[in-house]
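These are the residues of each chain, in order.
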Amino acid sequence: MQDRELYQQILGLKSPWTVSGVALNIEQQRVEVRVEHPAGTRFCCPDCQQELSCYDHTEERQWRHLDSCQFKTILFARIPRVECPVHGVKQARVPWAEKGSRFTVMFERFAIQVLLATQNVKGAMSILRTKWDQTWSILERAVARGRARKQDVAIPRVGIDEKAFLKGQNYITLVYDLDRSTVEAISDGNDADAGFAALSALSQTQLHSIEAIAMDMSAAYVKAAKQAIPLAETKIVHDRFHIMQMATKGVDKVRRAEHRKLLKEGDDRLSHTKYVWLTSQENLSEKQRARFDEAFTLQLKTGKAWAFKEMLRDLWTQDSAASATTFFNAWYKRVIRTRLEPMKTVARAIKERLANVVSYCTHRVTNGVAEGMNSKIMSIKRRVGGFRNRQNFKTAIFFYCGGLKLDPQ
């Protein structure tokens, strides 16, 4: 009697359900708890909530509960069915588990917390003592619940970016809420159709609420934004980090070309200086700074390219789009008159989309959230040994990065 009362409390059972028996199975290292209800109990139709007499019962089923003293706790019961005049024969809902689950609500909540803490399905399996398919089913149901509960709230600042799924030209497109740091939508591919599909996954209310969308200089995503977002041309902000990355690559191209030329003349002054030019000046170590100062005073083409790259950073400190435009035009004239072809290529690329570069000074958004989220996604991918199933990969992203309410009620 004491065991039954104890597990009545542990399971949180209320009338009409009671614990009818508790048995310890040493061989399988588990506590077996049987639950039943009194004869004549009436149950509600799960669709219309009409209270009806019990029609019959299913075969005995089992659910995993939280462990008891290091033993697995297994709950056994036969689910009552009712015959609804409107919906036909239906299984009544049980209070300890969601429909279709083989785990109690308490166990699923615990499992979700373990999955979030470990960010590792295999690690969670060892703690929970569950199999892969069992653990993954908990994660999938959590995402399905969370997405079903997702409210149609305004997302004024969004970002769109690509993420490699497998090696080669195999990508997915992600849309981010930059204010909440969450992934809002995912589509397959990284072309204009993929961008449009991801943005179209947002509601019309959300699309009309967008005030700014950050992206790299991808023509595909520009096209997708214009198709999906009202007045998108005034809302697109080309991400400053991508632009500065492009400028940094331009500096490196100048360095490599100049280094090859100098080596032919027996001059190795640019040897081992690659990361000196790629690193922002404020992030240089003392050793790198000394090497940089030594190389910069030689007035090489690489130093000039680096100086133009550093000057470009001031574009994003301007007070307005108008002043940023004036600043860029002055910078552009200086660069375009040089013989630094890689830097001239960068300058022309920016000029072509200048309105959506200087729009940063109006909206003040970057895709930094996307970059941080991409690092988190890669970490998750490595910890679970990679995803070969694209749908599973997307499910994991929503679980860990979707900001969803995952717990069963």
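Before reading further, recall that the structure is shown in the block above.
All of the points below concern the structure found in this document. Just so you know, these numbers come straight off a predicted model, no measurement behind them. Counting restarts for each chain: residues are numbered from 1 in the order of the written sequence. In keeping with the predicted nature of the model, local features appear solely for residues at pLDDT of at least 70, side-chain atom pairs appear and are counted solely at 80 or more, and the whole-chain, interface and lining totals rest on all residues. Side-chain metrics rest on all non-hydrogen atoms present in the structure, leaving aside hydrogens and water.

## Regarding the overall build of the chain
Put simply, DSSP H or I for four residues or longer makes a helix, DSSP E for two residues or longer makes a strand, and each gets a number counted from the N terminus. A count of helices and strands for the chain gives 17 helices and 13 strands. Overall size of the chain, expressed as C-alpha extent along the three principal axes, is 95 × 50 × 35 Å. Relative accessibility thresholds used throughout: buried, under 20% of the residue-type maximum; exposed, over 50%; partly exposed, between the two (1.4 Å probe, protein chains only). The 409 residues of the chain split such that 48% are buried. Long-range contacts, defined here as pairs at least 24 residues apart, represent 59% of the contacts in the chain between residues at least 6 apart. Areas reported here follow the Shrake-Rupley algorithm with a probe of radius 1.4 Å; residue values treat only the protein chains shown as occluding. Summed over all atoms, the accessible surface of the chain reaches about 21400 Å², with 49% contributed by carbon and sulfur. For the chain, the centre of its 64 positive side-chain charges and the centre of its 45 negative side-chain charges are spaced 5 Å apart. It only takes one pair of heavy atoms within 4.5 Å for two residues to be counted as in contact. Asp and Glu are treated as the negative residues and Lys and Arg as the positive ones, with His and the ends of the chain left uncounted. Working definition for charges: the position is that of NZ of Lys, CZ of Arg, CG of Asp or CD of Glu.

## Here we look at the sheet that holds strand 11 (residues 182-188)
A pair of strands is considered paired only if DSSP assigns at least 2 bridges between the two. Pairing within the open sheet is mixed, and its five strands lie in the order 11-10-9-12-13. Two strands bound the open sheet, and with one partner strand each, they are strand 11 and strand 13 (236-238). Across the sheet, the axes of successive neighbouring strands diverge by a mean angle of 30 degrees, strand direction being ignored. Two elements, strand 9 (residues 157-166) and strand 12 (residues 212-215), share three bridges in a ladder whose sense is parallel. Note on strand 12: the bridge partner recorded for R157 is A212. Only the stretch in contact is used when fitting a helix axis, every axis being a line fitted to C-alpha atoms; angles between N-to-C directions are given from 0 to 180 degrees.

## Examining helix 7 (residues 219-228)
Every buried residue belonging to helix 7 is among A220, Y221, V222, A224, A225 and A228, and all of these are buried. In this fold, the buried residues of helix 7 make contact with strand 9, strand 10 (170-177), helix 5 (192-200), helix 6 (204-209), strand 12 and strand 13.

## Section: the layout of surface pockets
Each pocket or cavity is described by its volume, and for the largest pocket that value is around 420 Å³. Lining residues are those with an atom within 4 Å of a point, where the points come from a 1 Å grid over the protein atoms alone and group into cavities, where a 1.4 Å probe fits but cannot get out, or pockets, open sets with protein on both sides within 12 Å along at least five of seven lines. In terms of lining, the largest pocket is formed by 19 residues, of which the most central are A92, R93, E98, K99 and G100. Of all the secondary-structure elements, those providing two or more residues to the lining of the largest pocket are strand 5 (61-68) and strand 8 (88-91). Each residue is assigned to one class: nonpolar for Ala, Val, Leu, Ile, Met, Phe, Trp, Tyr, Cys and Pro, charged for Asp, Glu, Lys and Arg, and polar for all the others, Gly among them. Each residue belonging to the lining of the largest pocket can be placed in one class, and the counts come to eight nonpolar, four polar and seven charged. Grid points are joined across faces, edges and corners, and a volume is the space filled by probe spheres set on the points. Each pocket or cavity is described by its volume, and for the second largest pocket that value is around 310 Å³. Lining the second largest pocket are 17 residues; nearest its centre among them are R147, K150, E184, A185 and A201. In terms of residue count, the dominant contributor to the lining of the second largest pocket is strand 11 (four residues). Along the lines of polarity and charge, the residues of the lining of the second largest pocket split into seven nonpolar, five polar and five charged.

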